[in-house]
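Breakdown of the fold
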Amino acid sequence: MTDPLDLYPISENAPELAVSASGMPLERLTLDEVLSGGVAAADIRISAEALRLQADIARSAGRDRLALNFERGAELVSVPQDVILETYEMLRPGRVTDPALLTARAEMLRRDYGAAAIAALIDEAVAVYARRGLLRRRY
Amino acid sequence: MTSTPRWRRFDEWDSRQLRHDLFAAEDVEAGFATFHSPWDPAPSARVENGRVVEIDGKGEKDFDILDAYIAAHHLDPEVIDEAMAMDPVEVARMLVDINVPREKLERLARGMTPAKLVSVVTAMSSLEIAFAYSKMRQRRTPGNQAHVTNAKDDPLQLAADAAFAVALGFDEIETTMRVASNSWANAMACAVGAAVGRGGVLFQCSIEEAEELQIGMAGFTSYAETVSVYGTEAAFVDGDDTPWSKAFLTAAYASRGIKARCTSGASAELLMGFHERQSVLYLEARCLCLQRAMGVQGTQNGGIDGAPLTSSMAGGMRELMAENLIAVWLGLECASGNDTRVSESEIRVGAKITPYLMAGSDLICSGFGSIRKYDNTFNPSLFNGEEIEDYLTLQRDFQADGGLTPITESSVEQLRMRAIRAIAAVFEELDLKKVPEEWVQSVAAASGSQETDSFTPGEVTRISEAIRKRGLSALDVVRALSKRGFGEEAENLLFMLRQRISGDYLQTSAILRDGKVVSALNDPNDYQGPGSGYRMSDARWHAVREVRGLQTRATVLERERRHDPTATPWLVAKGEAVKGDDPRDIVIGLSPAFGVELTRTTAGHDLIDVVLALTEGVREGGGTPRLVRMRHTADTSFLGLTAARLSGSGYGIGIQAKGTAVIHRADRLPHMNIELFSNAPVTTLEHYRAMGRNAARYAKGEAPEPIVVPVDGQSLAARYHVRVAMLYAIETGLVVADAPPLELSMTLGQGGIPT
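Because the structure is predicted, anything quoted here is derived from the model rather than measured.

Calculation rules
- Throughout this document, residue positions are counted from 1 along each chain, in the order its sequence is written.
- In the order they appear in the text, chains get letters beginning with A and ligands get numbers beginning with 1.
- For a predicted model such as this one, the threshold for reporting local features is a pLDDT of at least 70, and the threshold for listing and counting side-chain atom pairs is 80 or more; totals across whole chains, interfaces and linings nevertheless cover every residue.
- Values reported for side chains reflect all heavy atoms of the structure, with hydrogen atoms and water molecules removed beforehand.
- Domain start and stop positions are those given by an automatic or database domain assignment.
- Two residues form a contact once any of their heavy atoms are found within 4.5 Å.
- For any pair of parts, buried area is found by adding up, for both, the accessible area (1.4 Å probe) each one loses once the two are put together.
- Only one rule defines a salt bridge in this text: a Lys or Arg side-chain nitrogen within 4 Å of an Asp or Glu carboxyl oxygen.
- Polar contact is defined as a pair of N or O atoms within 3.5 Å, subject to the rule that within protein one atom must be able to donate a hydrogen and the other to accept it, and that residues adjacent in sequence are counted only when both atoms are side-chain atoms.
- A run of DSSP states H or I qualifies as a helix once it reaches four residues; a run of E qualifies as a strand once it reaches two. Both are numbered from the N-terminal end.
- UniProt positions are given in the numbering used here, feature names are shortened, and annotations may be inferred rather than shown by experiment.
- Exposed residues in this analysis have more than 50% of their type's maximum accessible area, buried residues have under 20%, and partly exposed residues fall in between, with area computed by a 1.4 Å probe over protein chains only.
- Any two strands are treated as partners once DSSP identifies two or more bridges connecting them.
- Looking down the strands as they point away from the viewer, one classifies a crossover as right-handed if the path from the first strand across the helix to the second runs clockwise.
- For a helix, the expected span equals 1.5 Å multiplied by the number of residues minus one.
- Scored from 0 to 100, pLDDT records how confident the predictor is in each individual residue.
- Like-charged residues within 9 Å of one another, or nonpolar side chains (Val, Leu, Ile, Met, Phe, Trp, Tyr) within 5 Å, are grouped into patches, provided each residue has over 30% relative accessible area and no salt bridge.
- In these tables, accessible area is a Shrake-Rupley quantity obtained with a 1.4 Å probe, and a residue counts as shielded only by the protein chains included in the view.
- The arc under discussion is defined with respect to the helix axis, by the directions toward the C-beta atoms.

1. Quick look at the domain arrangement of chain A
All names here are of chain A. In terms of domains, chain A is made up of domain 1 (1-77) and domain 2 (79-139). Measuring from the centre of the C-alpha atoms in domain 1 to the corresponding centre in domain 2 gives 28 Å. Listed as interface residues are 4 residues of domain 1 and, on the opposing side, 9 residues of domain 2. When the two sides are added together, the surface that domain 1 and domain 2 hide from each other amounts to roughly 590 Å², 64% of it contributed by carbon and sulfur. The largest per-residue losses of area from domain 1 upon contact with domain 2 belong to R72, E75 and L76, which jointly make up 92% of the total buried on that side.

2. Things to note about the domain arrangement of chain B
A common way to express how large an interface is: the accessible area buried when the components associate. According to the domain assignment, chain B contains domain 1 (28-136), domain 2 (145-221 + 338-534) and domain 3 (558-746). For domain 1 of chain B versus domain 3 of chain B, the distance between C-alpha centres works out to 70 Å.

3. Focus: the interface of chain B and chain A
In this assembly, 71 residues from chain B lie in contact with 62 residues from chain A. Summing the contributions of chain B and of chain A, the shared interface buries around 5500 Å²; its carbon and sulfur component is 59%. Sorting the residues of chain B by area buried against chain A places B:W244, B:F248 and B:I501 first, and these three jointly supply 15% of that buried surface. Inspection of the chain B/chain A interface yields 5 salt bridges. With a closest N to O distance of 3.8 Å, B:D241 and A:R92 form a salt bridge. Counting every contact that joins chain B to chain A gives 30 residue pairs in polar contact (both at pLDDT 80 or more). Looking at the side of chain B that touches chain A, the elements with two or more residues in it are α2 (65-73), α10 (209-217), α11 (233-238), α12 (243-255), α14 (280-294), α22 (474-483), α23 (487-502) and β13 (516-518) of chain B. Ranked by residues supplied to the side of chain B that touches chain A, first place goes to α12(B) with 11 residues.

4. Describing the UniProt feature "domain: Diol/glycerol dehydratase large subunit" (unreviewed entry) in chain B
The positions UniProt marks with the feature "domain: Diol/glycerol dehydratase large subunit" (unreviewed entry) are residues 6-549 of chain B. A distance of 44 Å separates the end C-alpha atoms of residues 6-549 of chain B, which is 47% helix and 9% strand.

5. Section: the pairing of strand β5 (residues 172-175) of chain B
Residue and element names in this part refer to chain B. Residues of β5 alternate between two faces, with E172 and E174 on one and I173 and T175 on the opposite face, all of them buried. Bridge count between strand β4 (residues 145-147) and β5: 3 bridges; the pairing is parallel. Its bridge partner being in β5, H147 is matched across the sheet by E174. Regarding topology, helix α8 (residues 155-168) serves as the crossover connection from β4 to the parallel β5, and that connection is right-handed. Sheet topology note: the β5/strand β6 (residues 202-205) ladder contains 4 bridges and is parallel. Bridge pairing in β6 places I173 opposite F203. In this region the chain leaves β5, passes through helix α9 (residues 183-194) and returns to the parallel neighbour β6; the handedness of that crossover is right-handed.

6. What to know about helix α7 (residues 116-131) of chain A
Taking 1.5 Å of rise per residue, 16 residues should cover 22 Å, and α7(A) covers 23 Å from first to last C-alpha, within 8% of that figure. For α7(A), every residue scored as buried is listed here: A:I118, A:A119, A:L121, A:I122, A:A125, A:V126, A:V128 and A:Y129. Along its buried surface, α7(A) packs onto α4 (64-76), α5 (81-91) and α6 (99-113) of chain A together with α2 and α12 of chain B. Looking one or two places after α7(A), you find A:G133, whose phi comes out positive at around 70°.

7. Re the confidence of the model for chain B
Taken residue by residue, chain B gives an average pLDDT of 95. The fraction at 70 or more is 99%. For residues 749-755 of chain B, every residue scores under 50 in pLDDT, and the model assigns this stretch 12 contacts once sequence neighbours within four places are set aside.

8. Quick word on the pattern of salt bridges
All names here are of chain B. Within the structure shown, the criterion is met by 65 salt bridges over all chains. Here D171 makes a salt bridge to R513, at a shortest N to O gap of 2.8 Å. In this pair, D171 is assigned in the loop between α8 and β5 and R513 in strand β12 (residues 511-513), connecting sequence segments 342 residues apart. We note a salt bridge from D241 to K246, for which the minimum N-O separation is 3.0 Å.

9. Side note on a nonpolar patch on the surface
Taken together, B:W7, B:F10 and B:W13 make up a surface patch of nonpolar side chains, about 330 Å² in accessible area. In this structure, B:W13 sits in helix α1 (residues 8-14).

10. With respect to the pairing of strand β15 (residues 585-590) of chain B
Residue and element names in this part refer to chain B. Of all 6 residues in β15, 6 are buried; the element is thus mostly enclosed. Side chains D585, V587 and G589 project from β15 onto one buried face, and the interleaved I586, I588 and L590 project onto a second face that is buried too. For the handedness criterion, the β-α-β arrangement of β15, helix α26 (residues 607-620) and strand β16 (residues 624-629) is classed as right-handed.

11. Concerning helix α21 (residues 457-469) of chain B
All names here are of chain B. The terminal C-alpha atoms of α21 lie 18 Å apart, and with 13 residues this matches the ideal 18 Å at 1.5 Å per residue to within 8%. By the burial criterion, the buried members of α21 are V460, I463, S464 and I467. Buried residues of α21, viewed axially, fall in a sector of 100°; they line one side. Turned more than 90 degrees away from the buried face of α21 sit R462 and K469, all of them exposed. Buried-residue contacts for α21 involve α8, α9 and α19 (409-429). Just downstream of α21, G471 is the residue with a positive phi angle, here 65°.

Dropping the structure here:
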């Protein structure tokens, strides 16, 4: 198998692998296409596949923490913006006093979006928040 | 007993810019400690069953939120025992050893706790830290980031200033707002401005996280660096986040194809009131370990908002460099601070930037104010619009690539105008605003927003609201640009949208150059001593050295050598000069090019006036002036000594065309003159007259007061020596070793005055 690092930059070395979240291949994102109305907002969004590929590349470059972040990012690609912002808000200190709410959020993300790594991050937060007294109203 | 007067030097020192700066005494209890506090823990770590159960003297059950995250995600159990056992000085030596590869050190860092990292960099001098930084930083090619903001949130000015910043070579531009609700208009204006010219610049609109994500989703922005982290739990919670909320946010940015970096910096905890009496470096080391743990690609670090406070402490600037070193050692992209202005002293500002210029950095400034200080909505940067040319000159001085390139006046003017017209066209095309031509003209010429007749912040708010409510995106802007004849700009903006699909710029230290991603992956810093690492290409060096106003031989001679070869000479040779026998005789020895090839002194006096002043002065002093042309020398001392030896009185004056003049006596050594006017640029005609008078009075045996040409401390060398050296070469070029001096007469009033 080839070293994923050889694919980098994808836009130059493997443009065929760069497909937007909507499935539009990179080469179709041209000015003509934009002008004729053939490009929508979802077409300029990164796909989970591209992020996983970037994770492989990062890992191959010896940057495993960055790779894990890209993989968490890949899990969030299909998560709607309002759910992302709501989850972020719930993770902020003192927003949630009942740990069950966070646990339920983790479960929902795992179930509905296959976001296992994100869910694990939330579960880990719940344990620490409880021990450090962060599940307490701040305002 | 009389009292001792105050030395007035102190009054002068009191009035210097430096005295606006505050300096803090070390006070550990108050958190004022740079590298070490007795409350800092000693380095330690313990692993049980593959799990980190102790960090820096603290057991697992006492871990605060930072310890817990660092234990779980930063520390590599495979490396801990080896790394923690190493002697800090030995590791410090490895950091400056060109034979120890960067990768080997990065591996060790993965097994080091914050206190351990601190113990290593504490062993290093500022020079060693800077050197290690140049070796450990991630991307080989250095870059820079600009702030583009203005006090009115005027979109026309934002577009023009963004285009200017792009033309200067900034790899990233960051904007923010005076009024929060203007964010969408600011983002659109900067995105359009940044598409004028070379394109491919990463752009950020700094605002509250939720809004920033939305603006990013609309395609206007491509990176975010507002993911702030802090070094104590209390400060973190007060900052309204936790390591988990920030790690989640970092993943969210990645999921939207937006490059992200964290922000942290020394003294932030001090400003927030939660320093726990620990040194600023130790707290920052915790922040940096946390950032690696979160999986963010990079950091904006090196004081940032806390940089002025850190710089108030002894060793503060060394500390800022040390934390940047820890950042890159941990494998993070580093936008190395140098943003907030740390001092009112220009000397401290210049000194602050110099090690970074020499070492290079992923982004030397995490916000160079490309606009005027008062327009910098973040606060004045270390360097601002006022000082851009100083920075360009420092690059040239040290032959160091600070990421910027000098640009010509006419190209800047064209780019600015094109950017203003482009945003005006987009606003009109999208039915947001019809921009009056007077506004366009006003903004094009204005240095800053205080001079513009353009949008008010309130009008911008209405546009910004419309952009947000109508859900306008970068695609709409691409269409509008193209429709209105800004095809190149439309392509540039589209190029940025294409980039986000591949995600290439999400990798460590990624920027875009010439339409290609350049990052730590495909352009890794490979410094291993002389002959390796980043060096400017010939083309790059040629561009860097072209600062404005370069003097060339041709331009100097064009201005100075106002010589008309067709004019009748006003100094006519009458044959070989002989020694005079009149005791009142004062010979004035003129240099080879005097009044012929060269016609003005560096002070701008016509040489005819200078000769008249000297000869009239001699007469006033009771002497008889005689003019002699020297050809065997152009040196002032020898001109003067030869003149003195030809003089009946034994006293003579030597003068060069550039105006340097001397009184000499026949029996002296060449460089032991009687009086010397060495500062020709500040020598007046009255001084020359007085010199003539004194020469005659010496001849009569009097002891006149020497003429003092007052100087006020200007660097005449910096101001004149380039011209002087070029002019003097004309004089020396005319020297004929054995040619005897020639007696001269003046033929004024015969049409011989050069124009």
